[in-house]
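Structural overview
Chain by chain, the residues run as shown.
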Amino acid sequence: MQPVVVPSPDGSVRVDGRRVALGELPSVVASAGAAARWTWDDTNRWYPGLLAAGVRVDRSHDLRLAHRILRGSALAAWPGPADAPPGPWDTLPPAPLTPADEPAMLFAAPGPSSGPAEGPDPLAELAVQDAVVAASPSAGRLRLLLAAESAGALAAVEMYHAGLPWLADVHDAVLTETLGPRPRLGERPARLEELAQLIRGALDAPASLNPDSPQDLLRALQRAGVGARTLRKWELEKLDHPVVEPLLEYKSLYRLLTANGWAWLEAWVREGRFRSEYVVGGVVTGRWASSGGGALQLPKSVRRAVVADPGWTFVVADAAQLEPRVLAAMAGDDAMAAAGRGPDGRGADMYAGIVASGAVPTRELAKVGMLGAMYGGTTGSSGQVLPRLAKTFPRSLAFVDEAARAGERGEIVTTHLGRSSPLPGATWHEAQSGAYQDDAGDDDVARARSYARSWGRFTRNFVVQGTAAEWALCWIASIRRRLWALGPADVSAGLVPPPFDARPHLVFFVHDEIVVHTPAALADAVAAEVQAAAAEAGRLLFGDFPVQFPLSVAVAPSYADAK
DNA sequence: GGCTACAGCCAC
DNA sequence: AAACGTGGCTGTAGCC
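Per chain, residues are indexed from 1 in the order of the written sequence. To read the labels, note that chains go from A and ligands from 1, taken in the order they are written. Residues qualify for local features only when their pLDDT is at least 70, as the model is predicted, and side-chain atom pairs are given and counted only at 80 or more; totals for whole chains, interfaces and linings, by contrast, use all residues. Side-chain measures were taken over the full set of non-hydrogen atoms in the model, leaving aside hydrogen atoms and water.

Naming follows an unreviewed UniProt entry, where chain A appears as DNA-directed DNA polymerase of Jiangella alba.

Our focus in this paragraph is the nonpolar core. Generally speaking, nonpolar side chains in soluble globular proteins are found buried as a group. Membership of the largest hydrophobic core comes to 156 residues, with the highest contact counts inside it found for Trp166, Leu221, Ile354, Trp471, Trp475 and Ile514. When residues of this core are assigned to their parent elements, the largest contribution, 14 residues, is made by helix H6 (residues 139-162). When sequence neighbours within four positions are dropped, the list of residues in contact with Leu221 reads Leu203, Val226, Gly227, Ala228, Leu231, Leu236, Val243 and Leu247. In this description, a nonpolar core means a group of buried Ala, Val, Leu, Ile, Met, Phe, Trp, Tyr and Cys residues linked to one another through side-chain atoms lying within 4.5 Å. Exposed residues in this analysis have more than 50% of their type's maximum accessible area, buried residues have under 20%, and partly exposed residues fall in between, with area computed by a 1.4 Å probe over protein chains only. Core analysis: the second largest hydrophobic core is formed by five residues, Val4, Val6, Trp89 and Leu126 among them. Each helix is a run of DSSP H or I of at least 4 residues and each strand a run of E of at least 2, with the numbering of both proceeding from the N terminus. Contacts: residue pairs with any heavy atoms within 4.5 Å of one another.

Domain boundaries shown here were taken from an automatic or database domain assignment. When its domains are assigned, chain A resolves into domain 1 (1-162), domain 2 (168-266) and domain 3 (322-468). The gap between the C-alpha centroids of domain 2 and domain 3 is 38 Å.

Take helix H13 (residues 322-330) next. Of all nine residues that make up H13, nine are buried, and the element is covered over most of its length. What H13 keeps buried is the set Leu322, Glu323, Pro324, Arg325, Val326, Leu327, Ala328, Ala329 and Met330. Looking one or two places after H13, you find Gly332, whose phi comes out positive at around 60 degrees.

Turning to the protein's contact with DNA strand C, a few remarks are in order. Only heavy atoms are used to decide nearness, and a residue is near a molecule or strand if one of them lies within 4 Å of it. For DNA strand C, the set of nearby residues contains 30 residues, the closest of which are Ser213, Gly292, Gln297, Gly377 and Arg457. For DNA strand C, the fraction of atoms within 4 Å of the protein that belong to sugar or phosphate moieties is 70%. Think of a polar contact as two N or O atoms within 3.5 Å of one another; within protein, one of them needs to be a possible hydrogen donor and the other a possible acceptor, and neighboring residues in sequence only count if both atoms come from side chains. At 3.2 Å from a base nitrogen of DNA strand C is found a side-chain nitrogen or oxygen belonging to Arg287. In this structure, Gly292 approaches DNA strand C through a main-chain N or O atom, which is 2.4 Å from a phosphate oxygen.

Excluding glycine, most residues fall at negative phi; most peptide bonds, likewise, are trans. The omega angle of the peptide bond from Pro498 to Pro499 is 5 degrees, so this bond is cis rather than trans. Along the chain, the position of Pro499 falls in the loop between helix H20 (442-486) and strand S12 (505-509). Within the chain, Asp204 stands out as a residue other than glycine whose phi angle is a positive 55 degrees. A relative accessible area of 72% means that Asp204 is categorised as exposed. With phi around 50 degrees, Glu271 is a residue other than glycine that occupies positive phi space. Here Glu271 lies in the loop between strand S7 (269-270) and strand S8 (273-274). By relative accessible area, Glu271 is classed as exposed at 69%.

Below, the discussion takes up the protein's contact with DNA strand B. Near DNA strand B, the surroundings consist of 18 residues, among which Leu231, Lys251, Arg255, Arg287 and Asp512 are the closest. Sugar plus phosphate, as a fraction of atoms of DNA strand B within 4 Å of the protein: 85%. Residue Gln297 places a side-chain N or O atom 3.4 Å away from a base oxygen belonging to DNA strand B. Between Asp512 and DNA strand B, the recorded distance is 2.4 Å, taken from a side-chain N or O atom to a sugar or linking oxygen. We call Asp, Glu, Lys and Arg charged. Ala, Val, Leu, Ile, Met, Phe, Trp, Tyr, Cys and Pro are nonpolar, and the rest, Gly among them, are polar. The residue makeup of the surface near DNA strand B, split by class, is six nonpolar, three polar and nine charged.

So, on to the sheet that holds S7. Taking strand neighbours across the sheet as the criterion, the three strands line up as S6-S8-S7 in an open arrangement whose pairing is antiparallel. In the strand order of this sheet, the two ends are held by strand S6 (164-165) and S7, each with one partner. Pairing analysis gives two bridges linking S6 to S8, with the strands arranged antiparallel. Its bridge partner lying in S8, Pro165 is registered against Arg273. Any two strands with at least two DSSP-identified bridges between them are counted as paired.

In the sheet, strand S4 (residues 37-40) pairs with strand S5 (residues 59-62) via four bridges, with the strands oriented parallel. Paired with Trp38 across the strands is Ser60, a residue of S5. The handedness of the S4 to S5 crossover, carried by helix H2 (residues 43-52), is right-handed. With the strands aimed away from the viewer, a crossover counts as right-handed if its path from the first strand over the helix to the second runs clockwise.

Here the focus is the pattern of salt bridges. Here, a salt bridge means any Lys or Arg side-chain nitrogen found within 4 Å of an Asp or Glu carboxyl oxygen. Applying the stated criterion across every chain, the model contains 25 salt bridges. In this structure, Glu235 and Arg232 form a salt bridge, with 3.7 Å as the shortest nitrogen-oxygen distance. Given a relative accessible area of 22%, Glu235 falls into the partly exposed group. Classification of Arg232 by relative accessible area gives partly exposed; the value is 41%. In this structure, Arg482 engages Glu536 in a salt bridge whose closest nitrogen and oxygen atoms are separated by 2.7 Å.

This is the structure we're talking about:
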């Protein structure tokens, strides 16, 4: 059963040909049951209103997200000319999510200029997508990718709906401990002011020196003969001068103040919850992006403020060495998969397994070597161990090298489930053709090489990062289904809104890590389901190939204590 | 005052 | 370990 939500000009919708007033949609969805795959233009547009009415959707098909994947996929043949101009399904941005205390336009009557009737036709689009998938020799993989992407879109809206539990007073305590009490508007916190004085003293600089001004600061460093050419942390660390220590501390505290200080707290935390909008598929590789509050860069120092509601706790899980394991499976590399299983058959540390294989002497070298292989690093010890890794794991290394060469030739590459990379742009092609002009100089040739190599590093990483993102989507899809199946617990709802008020639910996701907020009594069951979901994701992508995806799982009422 | 570019740092 | 992949976000600086 695949009901399609079709907006009407009068502000109602049609579902399977039947007119449904917007206010009736939640009850229509609820009565359709879990077998229905709700199909609509944009999950962000319809799902918040359903959740606000307490209605969860089990399965969906997000036409906008699916279109973007299919349009670019090398595993699918989209009808029409390849250079057809982008249509509405290509250019439509996701509908913005709205905080619960702001007027929700989602189910409001449409305005004259933005009525849903002006949007493209969901029924026609679904028919095209179904035909494109059915005609693909890799239909199974594409179906899995589209289902996982759509499930991810549901999970992203659910996480926004529930919010990440956040204690503002703990956050304030962290800031006060490290920076001093909150200063008046326009003033520096006490600790920063102290450090500014120390910096001026060490540089013999006047009181007018403002460490927040890169120009001022760099000039003062040069005048004092410190030998700094930039203000980068890792370059300052190499210098031997009394200003370095207070300056590094200043920069670190200044960053905390500006990025996650009191202003951040006031802007992004409401009623005990931090809500950031996840942008599903917002990164070219298929990773999620986020918008507002920087959810994907929450510094470790403020995670103490992430505290479960009374009677609730967190299950925090992250996939150990996800990307090299994904690479081993994509490349069909039995040797690397074996290293991932470790000597005891259930290795939780793939880098230790690589050491045990004899390829490299230390875990650190195994790690930097694999990162170098996946990022395209060539220098330093990363570059030095690559030949040894290539000898022990020829399949994996050849796989990423081939992806890099395709990029250098200006070709697209594709993830395991079928998300393809974009083509390089006009500047790239101009640089390449510039190297073949009659009057091309060494500079032109070098520029073309540099551009080609850079795009090769992108495509090299794309196949691994993109496939890891697919594993994570399958993991999330499985987790949210399994959590719902656990059912409600006897616990106070606290701040948790329906339909999750007594149920474990996802509240945070960063690429290879999830946080579940759960009634404390269900924590062990949740941990088991999260583990089972990881194994299921591995099977969905790679079938019987013997690659393992071990997790580190912790149960704790504070995010900071779970790491 | 708005806009863009850039440097820098946080996360994975 | 080195500065090599993907991003968001903040501030300064310089432009209109």
